[in-house]
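Here are the chains, one letter per residue:
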Amino acid sequence: MLVKTPPMGWNSWNTFGENITESLIMETADAMVSTGLKDAGYEYIVIDDCWSLRSRDENGRIVADPEKFPHGMKHLADYIHSLGLKFGMYSCAGTKTCAGYPSSFDLEFEDAKQFAEIGIDYLKYDFCFKPNYIDGPLLYRRMGMALKASGRDILFSACNWGSDNVHQWIRSAGADMFRSTGDINDSVNSFKEIAIGQIPLLGYSAPGCFNDIDMLIVGMYGKGNVAFEGSILTDDEYMMHFALWCMMSSPLMIGCDIRNMNQATKDILMNKALIAIDQDEEVRAPFAVGGKYDESPLILFRHLANNEYVLGLFNFHESFRDPFVELFEIGLPVKSGYGLELTDIFTGEKIPKFKSYVNLHIEGRTCRLFKAKVVEVQ
Ligand code: GLA
């Protein structure tokens, strides 16, 4: 098994789109180490779409764009490996990549070999330009086999945006993670819709294959390739987004320019308690309690390893809320004799033993997360 917990890294797409170069990727790899992101657990440096020339060479191989990558991809792979990091690249299951570059339809085994020779550790595999006559799942099965046959351990990051009920079959195609939604953009509404839409489908994540709810927008502040109509998020909103991704055991692929992060962005992306939740070895899905979240905050509860639990409140409304969390909804009826004790993971504040329910205050557009312990109560 390649991945027991959700993969963590950086991907070029959200900020840089087609504007990728060797020096950008090298500087990003350097920043991964010097900022402490590597020590926090981030290890993959992934180049997304637009890395090659528009046509293959006379031997049918994909050619790195010499203007963007003057020393070729192997040189970059070696550099990234020399820093103790892993290297990811991108291709697509259809006849062209989403941005119109050569992709691997019907050349899966040849391309997988080429990627293995470059020395990649991760392949993101997109879904644009799929011929109508061929089955989507079959194309992922093909690349799954091609990567395994390539002679190198290559994490298979499928990206068909949730098509064909991907949750149900993608693990059987050999993928290690799978994009389950359309593309994120740098707005609250985008991460809210993605997260809420995936709640019923998180149970498909387990060691070996994870539901990837898309790359992070933390720290983008309205700049870059996935900016959205002048939207500029606050750090509290980015914290909500990051905490949701961790609550949902999503892969954590950073999308901002990590060479230029402010302190708030670093603090969010390297929050130890949240990363530990994301990486919890049991990979259990959270469930929602507290009724409809069009009026109240989204309230999620999740079992962690070692008899621990996490309670998360996410208030998408502009103004504060004072929701009640009813313990019977998480499985603790009053007559059980048990209640909860909560510790705020951001402030350390303790909410001592209570039974039946707890009334929690939460400001607008913020999140609160608590480690929870089950305790006896009279
Ligand atoms: C699709 C994917 C994105 C990105 C682009 C590149 O839209 O979902 O994550 O890879 O293609 O063109």
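Residues numbered from 1 in each chain as written. Predicted model: local features only at pLDDT ≥ 70, side-chain atom pairs only at ≥ 80, totals over all residues. Heavy atoms only, no water.

**Some thoughts on the overall build of the protein chain**
No. 1: Of regular secondary structure, the protein chain possesses 12 helices and 16 strands.
No. 2: Here the C-alpha atoms of the protein chain give a radius of gyration of 21 Å, agreeing with the 21 Å that 2.2 N^0.38 yields for 378 residues.
No. 3: For the protein chain, the C-alpha atoms occupy an extent of roughly 75 × 40 × 35 Å along the three principal directions.
No. 4: A total of 378 residues make up the protein chain; the buried ones form 57% of that total.
No. 5: The contacts in the protein chain between residues at least 6 apart in sequence include a share of 72% that link residues at least 24 apart.
No. 6: On the protein chain, roughly 15600 Å² of surface is accessible, and the fraction owed to carbon and sulfur atoms is 50%. (Helix = DSSP H or I, 4+ residues; strand = E, 2+ residues; numbered from the N terminus. Rg over C-alpha atoms; globule rule 2.2 N^0.38 Å. Buried < 20%, exposed > 50% of the residue type's maximum accessible area, 1.4 Å probe, protein only. Contact = heavy atoms within 4.5 Å. Areas by Shrake-Rupley, 256 points an atom, 1.4 Å probe, with all protein chains shown as cover.)

**A few points about the site of the ligand**
No. 1: Lining the immediate surroundings of the ligand are 13 residues, of which Asp48, Asp49, Lys124, Asp126 and Asp183 lie closest.
No. 2: In this structure, Asp49 approaches the ligand through a side-chain N or O atom, which is 2.8 Å from an oxygen atom.
No. 3: Its residues assigned to classes, the shell around the ligand shows 7 nonpolar, no polar and 6 charged. (Near = heavy atom within 4 Å. Polar contact = N/O pair within 3.5 Å; in protein donor to acceptor, adjacent residues only side chain to side chain. Nonpolar A, V, L, I, M, F, W, Y, C, P; charged D, E, K, R; others polar.)

**Structural notes on the pattern of salt bridges**
No. 1: Taken as a whole and assessed by the stated rule, the structure comprises 18 salt bridges.
No. 2: Of the charged contacts, one joins Glu282 and Arg284 as a salt bridge, the two residues approaching to 2.8 Å between their closest N and O atoms.
No. 3: When its relative accessible area of 33% is taken as the criterion, Glu282 is described as partly exposed.
No. 4: A relative accessible area of 43% places Arg284 in the partly exposed class.
No. 5: Each of Glu27, Asp257 and Arg259 takes part in one network of salt bridges that share partners. (Salt bridge = Lys/Arg side-chain N within 4 Å of Asp/Glu carboxyl O.)

**Observations concerning the side chain of Ser104**
No. 1: Looking at the secondary structure, you find Ser104 in the loop between strand 3 (86–92) and helix 5 (108–118).
No. 2: At a separation of 2.7 Å, a polar atom in the side chain of Ser104 contacts the side chain of Asp111.
No. 3: Beyond its immediate sequence surroundings of up to four residues, Ser104 is in contact with Arg56, Ser91, Cys92, Gly94, Asp111, Tyr125 and Met143.

**A word on the domain arrangement of the protein chain**
No. 1: Partitioning the protein chain into structural domains gives domain 1 (8–278) and domain 2 (287–376).
No. 2: The centre of domain 1, based on its C-alpha atoms, is set 32 Å off from the matching centre of domain 2.
No. 3: Interface area, domain 1 with domain 2, both sides summed: about 1600 Å², of which 81% is carbon and sulfur.
No. 4: Ranking the residues of domain 1 by area buried against domain 2 places Met240, Met247 and Ile277 at the top, with a combined share of 40%.
No. 5: Applying the counting rule to domain 1 against domain 2 returns 5 residue pairs in polar contact (both at pLDDT 80 or more).
No. 6: Mapped onto the side of domain 1 that touches domain 2, the elements with two or more residues apiece are helix 8 (188–198), helix 9 (235–247) and helix 11 (272–278).
No. 7: Top contributing element to the side of domain 1 that touches domain 2 by residue count: helix 9, with 8 residues. (Domains from an automatic or database assignment. Buried area = accessible area lost by both parts, 1.4 Å probe.)

**Comments concerning the environment of Lys371**
No. 1: One can find Lys371 in strand 16 (residues 367–376).
No. 2: Expressed as a C-alpha distance, the spacing of Lys371 and Phe354, which sit 17 residues apart in the sequence, is 14 Å.
No. 3: For Lys371, the contacting residues outside a window of four places in its chain are Leu304, Glu308, Tyr309, Glu341, Leu342, Thr343 and Ile345.

**Comments concerning empty space enclosed by the protein**
No. 1: Scanning the model with the defined rule gives 1 cavity of 30 Å³ or more in all.
No. 2: Considered as a void within the structure, the largest cavity measures approximately 50 Å³ in volume.
No. 3: Lining the largest cavity we find Asn11, Tyr122, Lys124, Ser157, Ala158, Cys159, Met177, Arg179, Asp212, Met215 and Met253.
No. 4: Taken together, the elements giving at least two residues each to the lining of the largest cavity come down to strand 4 (122–126), strand 5 (155–159) and strand 6 (177–179).
No. 5: Considering every element that reaches the lining of the largest cavity, the biggest residue donor is strand 5, with 3 residues.
No. 6: Of the residues contributing to the lining of the largest cavity, the split by class is 6 nonpolar, 2 polar and 3 charged. (1 Å grid on protein atoms, 1.4 Å probe; cavity = no way out; pocket = protein on both sides within 12 Å on 5 of 7 lines; lining within 4 Å. Points joined across faces, edges and corners; volume = space filled by probe spheres on them.)

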